[in-house]
Structure formats: C-alpha cells, structure tokens
Amino acid sequence: MIPPLGLETAMPRLACLAVPLFPLAARLRSEPELTREALAILEGNGQAARVVASTRAARAAGVRPGLSLPQARALCPKLAVRTRDGTCERAAQEALLEIADGFSPRVEDAGDGVAYIDLGSLDRRYPGAAGEVSLGRDLAQAGEARSLPVRVGIASSKLAARVAAGLPGSPVIVPAGEEALFLAPLPLARLAPHLEISGTLERWGLSSIGDFARLAPAEVASRLGRTGSDLHAIARGLDARPLVPREPPPSFEEGMSLEWPLASLEPFLFVGRAALERLCRRLEGAGLACLRLELDLGLEPEGHLRRAIDLPAPTRDAKTLLALLRLDLEAHPPGAPVVGFLVRAHPDRPREAQLSLLGPAALSPDRLATTLARLFALLGAERVGSPSPVDRHRPEASALVAFAPPPPPDVRPAPHGGRGLLGVRVLRPPLSIEVLTGGDRPAAETPLEVRPVLRDDGERRPEIRGSVRVASGPWALEDGWWTDDPADREYWDVELAGGGVYRLFRDRRTGDWFADGIYD
Amino acid sequence: MLHAVRSAEIDLPAFPPPARTALPEALRARVRSAREIGRRREREPLPTGVPALDRLLEGGLPRGELVEVLGARSSGRLSLVLDVLAAATAAGESAALVDLGDHLDPSQAAAAGCDLARLLWVRPQKVEHALAAVEMLLGAGFQLVVVDLGLPPVRGGRGIEAGWLRLARAADAQGAALLVSAPYRASGTAAAAVLELDRGPVHWLRSGSALLGGLGGFLTLEKRRGGATGRHAGISWRTAESPLAPPLPEPCGEGVDFDLRARASA
C-alpha cells in the first residue's frame, strides 16, 4: 500500500502536450509531401549517423531507430533521408507552445516536442472529468491544424501527465489522486532515466515505480538524500516541480536546412512560401501580424546573407510577404547557392479601427496594411504614399509620407463645391524643348516657336510643338543656390496656337529651355 | 383535428408606430426594416464638388460604376480630378489617385482643398501596373479611386479591355466610385458613363503684361448606361493668382457656365 501524504487536493492539474517522434514530425511539418514516403531522420555525421525516427512506410520496411544509413538502405532501397534540423525543430517547438498559449497563459517549454499547460484557469470552460476529455480533444485538434500530431495527457503531476501523453488513445486522463496508481507498474527507468539512482534502486531489488513508492519516506530520505526524497514523492504522484511559465519570444521564426543547394530564385521561393504560410498561420493564431521581416540565408560553402524588409503596416498575408521577399532578393541576390534559410517576423498588433455609424466608412486597417505592402511589392516604396508638399520652390519637387489616414468624422459633413482652381500637370523630369525667340526679350506679341528636342533613349514623351499665341512672363525662380544642384530659372506661361497652355522655363545658367508643366 | 385560424379572428394589438420616426434624422435614413434588407442597397452618388459634373451625372459619381472623363491638354481634366478628390477627402472619405504620368503637384492638391492625409498617391510606370494597383485599392475598401492616365502617349497603351471590365466589376462589388481620366477612350465598354471635356477659351488678364487668369471647358455626357446622353455644361478654372475670383464664389458653388454658342466660334 502506498502511504498517502494528504496533499493530493493541493496539486494543480496539468496537461502535457507531446509530439511523438518529434524530429520526424518537425521535418514533415516543413516538407508535408514526404508524409507518405519512406523517410528516415538521421542524427550524427558520416559513418556515425544513426536513424532516430522514421515514417510508417519506412518502419513497415524494417527501418528502426539505431540503424546506420547503409543498414537502413539495405532494408529499404528507396528510403529518403533527412538529417535532424535544428531550425525545423525550433520552429515546430514554438508552434507547439503557441498551440498551448491558445489555451492557457501558463505554459512551460519542456523542449523536444513537449509542453506543459497549467489547467488552473480552464476549469470553468472545461469542468470536471468530461471537460478534461474535451480539452484533450481540442488540444489535439489544434495540433492537427498546425500540422503537428499532438498527444495529450492530463494529470496532477508532470511525470504522470508526460507518461499519459505517451500512451495510445490520446487524450489519456489520470484522475486526480490516482497518479501513484497510474505510475506504479512503470519501470524505474521512467522515473529518472538520466540519474544513476535508478541503478541503485534496482540493486535493492525494486523493479517498478510502485515498488519504490511503497518504501517509507523517512527511510528513503535517510539513505538517498534530497534527490531520492524528491523522486520518492514523484513516484507517489506528488510532483513538487513547479510549472515554469515561458516568456513569449520577441519574434516568430520559420526555416529549414536544404538537402541540396539552391542556386536560382524560383525553387527557393517555392520552399520559402511554405515557410511564410506557416509563419502567417502562427501569427494569426497569436493575434499578431508582421511588421518587419528578416531573412537569414545560409550560403555555400560558407557565409550568411541577412536581409530585412520593413513593412508599411503590420500584415499577415503570406502572398504579400512572398512578393516583398522576391523583390528584395531580385534586387540583392545572395551571390552563392543557398543551403538553409530562416525567416523571422517581428510582430506587432494589427491595426484596428472603430467603425462609425453615421460617418464615412473607415478603411479596414488590416486590409489597408496588406494592400500597401502589395503595392510596395508591385511598385516600390518610393511610389506609394500620401503626397506631401516640399518646402522648395521647384514645382517638380514632391515627397511621400506613409499613408495613415485619420479616422473619419463621426458625422458625414455636408458636401460642398470645389475651389475651382486651375491645376498644372507637372512634367517630371522637365521636358527639354527648343524655343525660337524673335528677339532677346520675347514678349507676348513676339512670334515664338516651340519644338521638342528629340532624345534617342527609347521612351516616348509628350510632344510640345507649335507657335506661341500668347506668352506671359518672365518670372524668376532661384532655389537651392547653396547646394550642388541650384536652380536659376526664368518662367513663362505660353499658349500655343494649336491649343494648350504650358509652363516653360529657361535655365539661366545654360540657356536651355524646358517645359515643366501643362495647365490642365 | 386542425382548425385553420383566420388572422381576422385573432385580436391583434395595434401595430406599433414605426420606431424609425423616433430616431434622429441622420440615423433614420440608415436604419432599414427586415423587409428592406434583402433589397439591393441604394447607392448614393458621391458628390464631386464640380457642379457641372454633378448635374450631368445626376448627383455625383455613381458608386459601383466606372466613369471615364476624356480630355485633351489644357481641357481642365486634372483640375476636375483635383476637385473630385478634394470633395471626397473633405467629406472624410479616403481616396486614392493612381497617377500614371506622375503629374500631381502636392502643393496644388492641397490648395485645391484635398486633405492630403486621406489621399493615397500611387505612381505606377506602366498601365498594367496601374490596373493592378486599382484592383488592389478597390479591394482595400477605398470608396473613391481615380486613375489618371496622363498625357498621350499613355505608357503601356490603353490596357486590355478585359482588365477594365474586371475593375468595373470590382468597383461594383465594393460599391466604390471609379473615375478614369484619360486623353482618349481607354476603358471601352466597361465605362458606365463617359464624359468629354473640350478645351474652352483661355483667360488672359491684360493689365500691363499678360497674366494667365484661367481656362474654360465644355463638359459633354457622351455615354450614360441607362440614361440620356448628349447633355453638356460649361466649366471653368481660375488660377490662384487670378483676381478673377468672382464669379466663382467660395466655396465654389455654381461654376461659370460659358455660353455654348461660344463653342462654335472658339
């Protein structure tokens, strides 16, 4: 009979999320097309490499953990092989923790495909034993949605929950207070596989956790010290190890090592798209969006390339991020084959807006952010934004600022008419023209001739040609005389006989004529 | 045995007065009964701030439709675009200008009354990019998207007609007003309305040396899907320096309607 301690009611309920064959599951999450193939994950280098996990098809052919690659290939000639990938496994572990975060704020990262959740705050949503079964199913479903085969065990001690998560028939629920009975038949190696103390216990003639739990606590403490006393409590279902909540990471990462170097962009974008889609699903699950995207490329034979893309507003649209990535890599090619990559999203809260009942509809911040990012990808950041006047005298000067419209008014104002001001189509850059003047100082009555200066650069430009009907001017413009690019111009407004009113200027330093605007 | 019960036999209470009447006037127009929900939502046109244009289009730019304005150089096409943008942004709407020719002067837009913070300026370099950008902007929920194709030759040609039809459908789906300003017909059959701006007289002030005072133009409704065409109206624009502020009152209510007989002699 295992002596009770009377502390069972004080033990918090825990759920353990465990991903079986974690190195394999992490790899299949990145390469789901290999799920039905005979695949083995190897750890180690060269001849020392050993199989650590294999798919169902490979196991059916006899590929078991511990085999070397030649042994595995002898059993299964078509065996696909991947090495353990730390990048994949880190991303999969983070995805597992984010699944847990979706259920409770207190989550412990136990590493290697294992996470613990404190169920203390979930008893209202999942009350009683039936609620725990329902919770276990929800956790498993959330894992499937993230391409992770999650098994769930629920108990009042970490060890019992971990063992339960490893059993078939997930979720496995260990009723509160029955942890000791649940653990009793297990071999002692499950209690502390990494400690020599299990060897000592076996020499005492103990073979199971239950045998160990039946010993008197004081006798165990006097012979095995603090470590033995703690293990004894765990064997009795009283796991004193506290749950250590994790700090959410500052960024979200996805990536993988590539089996062969990629030298061109399209194959890389193919694998990069899958990583970005996984990243965006994780961001969506956390209620966040990407504000800055970083790409870390591992190059062959050595070296790294790191690129960073700042987005105009947070977005979690994978297509947009991929387009931005494509444009950035086209502009800055890595210069060497790529053997691995990591995409890192720095998250931010998606922009939200309060809808107005009576005023004009506000733009959805999320859709706007995605649209702006797609426009950036299509046209470049320098071609999208809010126009902003520049404190210069040159008419062609302009600037763009980030488009961030203020919230619309609560009540739609009454429409009113425009100001009826005449606009000028600015010609950027100013169009080089030839002006034939009738004298040194052209006047309105002086016959002028405006002709285009043809340039052989392949671009078709608006053509300005004709005799001047009315000329008005000159007006002097001097700007930036203190800079390397000063402007010293003499402006004229001219109406050509064929129609059209133009704004021309003569560069007083060179004497050349230009048209920089059309009144329209 | 089942007995059919006639409604007349049931002592129904008096139907309550419509609760809508108790609402403030601004709210009343936006509340619909359950019976009205299934009906196609009436789309109020978007006032343009250009009285002549509002008259021809019967209230403003129709939401959910593509309207094309054609005009040669110095016809006032850009000024009309600026006034449309100014009216929309002043009403609190976010608007987008797809400026294929990169012709916008931000300081002039501000002077015309545009709220620049509500204006998204997109400067594509090809007509294909312009069409793609317009589709994105409509999808984002902009209630007014203006495409200015600039001066001839338009970079990239007119664009394929299927692209314009796609944009017209996108505008319809979003209930947005789509205005295309082009030097010649570009949108083909996708346009629900086509207006042509003809160049009018140029006003030169001759107090000493000549000074540009403004431009006049004639706006003609060339096409209106489901409506009458051929109507026209005069329109005018003045320079900021022009002492000819009148007869354009502030804010500009009714523009100057030129005597259309002058058109023949111009």
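Residues numbered from 1 in each chain as written. Chains lettered and ligands numbered in written order. Predicted model: local features only at pLDDT ≥ 70, side-chain atom pairs only at ≥ 80, totals over all residues.

**Some words on the overall build of chain A**
Piece 1. Counting its regular elements, chain A contains 13 helices and 20 strands.
Piece 2. For chain A, buried positions account for 40% of its 520 residues.
Piece 3. When contacts within chain A are restricted to residue pairs at least 6 apart in sequence, those whose partners lie at least 24 apart make up 58%. (Helix = DSSP H or I, 4+ residues; strand = E, 2+ residues; numbered from the N terminus. Buried ≥ 20, exposed ≤ 12 C-beta atoms within 10 Å, placed from the backbone. Contact = placed C-beta atoms within 7 Å.)

**Brief notes about the overall build of chain B**
Piece 1. If you tally the helices and strands in chain B, you get eight helices and eight strands.
Piece 2. Evaluated residue by residue, chain B yields a buried proportion of 50% over its 266 residues.
Piece 3. Here the analysis covers contacts within chain B between residues at least 6 apart in sequence; of these, 70% occur between residues at least 24 apart.

**A few points about the sheet that holds strand β1 (residues 14-18) of chain A**
Backbone-to-backbone hydrogen bonds join strands into a sheet, with any given pair of strands oriented parallel or antiparallel.
Residue and element names in this part refer to chain A.
Piece 1. One open sheet holds the five strands; their spatial order is β5-β6-β1-β7-β8, and the pairing between them is mixed. The outermost strands of the open sheet, each flanked by one partner alone, are β5 (107-111) and β8 (172-173).
Piece 2. Here five bridges tie β1 to strand β7 (residues 151-155), and the two strands are oriented antiparallel to one another. Within β7, the residue paired with Leu-14 across the bridge is Ala-155.
Piece 3. Strands in contact with helix α4 (residues 86-101) are β1, β5 and β6 (114-118); relative to β5, the strand with the most contacts, it is inclined by about 155 degrees. (Pairing = 2+ DSSP bridges. Axes fitted to C-alpha atoms, helices over the stretch in contact; angles between N-to-C directions.)

**Here we look at the packing of helix α1 (residues 22-30) of chain A against α4(A)**
Residue and element names in this part refer to chain A.
Piece 1. Where α1 meets α4, the axes come as close as 9 Å, and the angle between the chain directions of the two elements is 90 degrees. Taken as axis vectors, α1 and α4 run roughly perpendicular relative to one another. Here α1 contributes Phe-22, Pro-23, Ala-25, Ala-26, Arg-27, Arg-29 and Ser-30 to the contact with α4, which in turn contributes Cys-88, Glu-89 and Ala-92.
Piece 2. In terms of residue class, the contact of α1 with α4 is built from six nonpolar, one polar and three charged. (Parallel < 35°, antiparallel > 145°, perpendicular 65-115°, else oblique. Nonpolar A, V, L, I, M, F, W, Y, C, P; charged D, E, K, R; others polar.)

**Comments concerning the interface of chain A and chain B**
Piece 1. Listed as interface residues are 57 residues of chain A and, on the opposing side, 75 residues of chain B.
Piece 2. Every element with two or more residues in the side of chain A that touches chain B is listed here: α13 (365-379), β13 (384-388), β15 (424-436), β17 (466-479), β18 (487-496) and β20 (513-519) of chain A.
Piece 3. Take the side of chain A that touches chain B: its biggest share by element is seven residues, from α13(A).
Piece 4. Split into classes, the residues belonging to the side of chain A that touches chain B amount to 31 nonpolar, 15 polar and eleven charged.
Piece 5. Sheet analysis places β13(A) next to strand β3 (residues 119-122) of chain B, joined by two bridges and oriented antiparallel. The residue bridging Val384(A) from the neighbouring strand is Val122(B), located in β3(B).

**Concerning the environment of Asp230(A)**
Piece 1. Position of Asp230(A) relative to the elements: it lies in helix α10 (residues 217-235).
Piece 2. Separated by 13 residues in sequence, Asp230(A) and Pro217(A) have C-alpha atoms that sit 9.7 Å apart.

**Describing the packing of α13(A) against helix α6 (residues 127-140) of chain B**
Piece 1. Look at α13(A) against α6(B): their axes get within 9 Å of each other, and the N-to-C directions meet at 170 degrees. With respect to α6(B), the axis of α13(A) lies roughly antiparallel. The segment α13(A) lies against α6(B), with Arg367(A), Leu368(A), Thr371(A), Arg374(A), Leu375(A), Leu378(A) and Leu379(A) engaging His129(B), Ala132(B), Ala133(B), Met136(B), Leu137(B), Gly139(B) and Ala140(B).

**Overview of unusual backbone geometry**
Piece 1. Omega for the bond connecting Ser170(A) with Pro171(A) falls within 30 degrees of zero, at 0 degrees, which places this linkage in the cis form.
Piece 2. As for its placement among the helices and strands, Pro171(A) is situated in the loop between α6 (158-165) and β8.
Piece 3. Of note in the backbone geometry, Ser74(B) takes a positive phi value of approximately 60 degrees without being a glycine.
Piece 4. For Ser74(B), the position within the fold is in the loop between β1 (66-71) and α4 (77-90).

**Looking at the sheet that holds strand β2 (residues 39-43) of chain A**
Residues and elements named next belong to chain A.
Piece 1. What the three strands build is an open sheet, ordered β3-β2-β4; its pairing is mixed. What marks the edges here is a single partner per strand, and that holds for β3 (50-54) and β4 (80-83). This sheet shows a mean twist of 35 degrees between the axes of neighbouring strands, independent of strand direction.
Piece 2. Across the sheet, α1 is in contact with β2, β3 and β4; its angle to β3 comes to roughly 65 degrees.

**A short note on the pairing of strand β5 (residues 177-182) of chain B**
Residue and element names in this part refer to chain B.
Piece 1. With six of six residues buried, β5 is to be regarded as a mostly interior element.
Piece 2. Side chains Ala-177, Leu-179 and Ser-181 of β5 all project onto a buried face; the interleaved residues Leu-178, Val-180 and Ala-182 project onto the opposite face, where all are buried too.
Piece 3. Across five bridges, β1 lies against β5 in parallel orientation. Bridging from a neighbouring strand, Val-67 pairs with Leu-179 of β5.
Piece 4. Judged from the five bridges that link them, strand β4 (residues 144-148) and β5 form a sheet pairing that is parallel.

**What about the nonpolar core?**
Piece 1. In this structure, Leu66(B), Leu85(B), Val98(B), Val145(B), Val146(B) and Leu167(B) are the most contacted members of the largest nonpolar core, which totals 133 residues.
Piece 2. Leu167(B) has contacts with Leu66(B), Leu131(B), Val134(B), Glu135(B), Leu138(B), Leu178(B) and Ala190(B), leaving out every residue within four places of it along the chain.
Piece 3. Of all hydrophobic cores here, the second largest spans 73 residues; its members include Ile41(A), Phe103(A), Tyr116(A) and Ile173(A). (Core = buried A, V, L, I, M, F, W, Y, C linked by C-beta atoms within 7 Å.)

**A look at the confidence of the model for chain A**
All names here are of chain A.
Piece 1. For chain A, the average pLDDT comes to 85, and 92% of its residues sit at 70 or higher.
Piece 2. The spread of mean pLDDT over the elements of chain A runs between strand β16 (residues 449-452), the lowest at 63, and β13, the highest at 94.
Piece 3. Long-range and interchain partners of residues 1-9, a stretch whose pLDDT sits below 50, account for ten contacts in this model, where long-range means more than four residues apart.
Piece 4. Across residues 441-445 the pLDDT falls below 50, and counting only partners more than four positions away or on other chains, this stretch makes eight contacts in the model. (pLDDT = per-residue confidence, 0-100.)

**Concerning α10(A)**
All names here are of chain A.
Piece 1. Given a rise of 1.5 Å per residue, 19 residues ought to cover 27 Å, yet the end C-alpha atoms of α10 are separated by just 11 Å, more than 12% below that figure.
Piece 2. Largest kink in α10: about 135 degrees, centred on Gly-225.
Piece 3. Every buried residue belonging to α10 is among Val-220, Gly-228, Leu-231, His-232, Ala-233, Ile-234 and Ala-235, and all of these are buried.
Piece 4. Residues of α10 that are buried sit in contact with α6, α7 (179-183), α8 (197-203) and α9 (209-213).
Piece 5. Directly after α10, the chain includes Gly-237, whose backbone phi takes a positive value near 85 degrees. (Expected span 1.5 Å × (residues − 1). Bend = angle between axes of the 7 residues up to and from the residue.)

**What to know about helix α5 (residues 128-145) of chain A**
All names here are of chain A.
Piece 1. For α5, built from 18 residues, the straight-helix expectation of 26 Å at 1.5 Å per residue is met to within 8% by its first-to-last C-alpha distance of 26 Å.
Piece 2. All of the buried residues in α5 are Glu-132, Leu-135, Gly-136, Leu-139 and Gly-143. Along the axis of α5, the buried residues cluster in a sector spanning 100 degrees; they form a single face. Exposed side chains of α5 directed beyond 90 degrees from the buried face belong to Ala-130, Gln-141, Glu-144 and Ala-145. (Arc of directions from axis to C-beta.)

**Here we look at the confidence of the model for chain B**
All names here are of chain B.
Piece 1. For chain B, the average pLDDT comes to 80, and 75% of its residues sit at 70 or higher.
Piece 2. With pLDDT under 50 throughout, residues 1-10 is counted as low confidence; its partners more than four residues away or in other chains account for one contact.
Piece 3. Low confidence marks residues 244-266, where pLDDT is under 50. Its contacts with residues over four positions away, or in another chain, come to 40 contacts.
Piece 4. Our summary of model confidence lists the complex with pTM equal to 0.66 and ipTM equal to 0.78.

**So, the environment of Phe268(A)**
All names here are of chain A.
Piece 1. With respect to the helices and strands, Phe-268 occurs in helix α11 (residues 265-285).
Piece 2. In sequence terms Phe-268 and Gly-340 are 72 residues apart; their C-alpha atoms lie 9.7 Å from each other.
Piece 3. Those residues in contact with Phe-268 that lie beyond four places of it in its chain are Leu-262 and Val-338.

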